[in-house]
Amino acid sequence: MKPTGDDVAGLIARSSPAVRRRDAETLTALMQEVTGREPQTWGTIIGFGSCHYRYPTGTEGDSGLLGFAPRKAATTIYLFDGVGAHTEALAKLGPHTTGVGCLYIKDLEQIDLDVLRGILERSLAWVEAGGTAEVQLTVTG
């Protein structure tokens, strides 16, 4: 995937319901602070920075270092290191659901933003350290 160059504010403004727009604004500020990078669109994902990933299978591509998507059902936060790396923190986060590498949040006002910040900081550090043998990561931006 590559950055699409679409307007981040426009993507947020088109998000629904209203809670997704509110949460997207909060997450944009939080991820920008954590990464020190400007937000950019990657299709319908708002990403920060960029990296190249490569799996032992030969699958490779590009992605943001951290990113999220304001989806209708919930905001999806993407974690390259997987949700399993954050089990203890997730127990303290507040209402959420998970996939292998995705954290789904319906309302940021119901979660502990300090816990979320810690999850994001640890995930970013993992990416910046190059990942693991299962996924090799190179920061490109």
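Residues numbered from 1 in each chain as written. Predicted model: local features only at pLDDT ≥ 70, side-chain atom pairs only at ≥ 80, totals over all residues. Heavy atoms only, no water.

The chain is annotated in an unreviewed UniProt entry as DUF1801 domain-containing protein from Microbacterium maritypicum.

### Topic: the sheet that holds strand β8 (residues 102-105)
Within a sheet, neighbouring strands are paired by backbone hydrogen bonds and run either parallel or antiparallel to one another. The six strands lie next to each other as β1-β2-β5-β6-β8-β7, forming an open sheet whose pairing is antiparallel. Of all strands in the sheet, those bounded by a partner on one side alone are β1 (39-42) and β7 (97-98). Those strands touched by helix α2 (residues 18-35) are β1, β2 (45-48), β5 (66-70), β6 (75-78) and β8, and its axis lies near 175° from that of β5. Most of the contacts of helix α4 (residues 113-128) go to β5, to which it runs at about 130°, and overall it touches β5, β6 and β8. (Pairing = 2+ DSSP bridges. Helix = DSSP H or I, 4+ residues; strand = E, 2+ residues; numbered from the N terminus. Contact = heavy atoms within 4.5 Å. Axes fitted to C-alpha atoms, helices over the stretch in contact; angles between N-to-C directions.)

### Some points on the nonpolar core
The biggest cluster of nonpolar side chains holds 33 residues, and the ones touching the most others in it are Ile77, Leu116 and Leu120. Contributing elements (two or more residues each) for this core: α1 (8-14), α2, β2, β3 (51-54), β5, α3 (87-93), β8 and α4. With six residues, the top contributor of residues to this core is α4. Excluding residues within four positions of it along the chain, Ile77 makes contact with Leu27, Met31, Gly67, Phe68, Gly101, Cys102, Leu103, Ile105, Leu116 and Leu120. (Core = buried A, V, L, I, M, F, W, Y, C linked by side-chain atoms within 4.5 Å. Buried < 20%, exposed > 50% of the residue type's maximum accessible area, 1.4 Å probe, protein only.)

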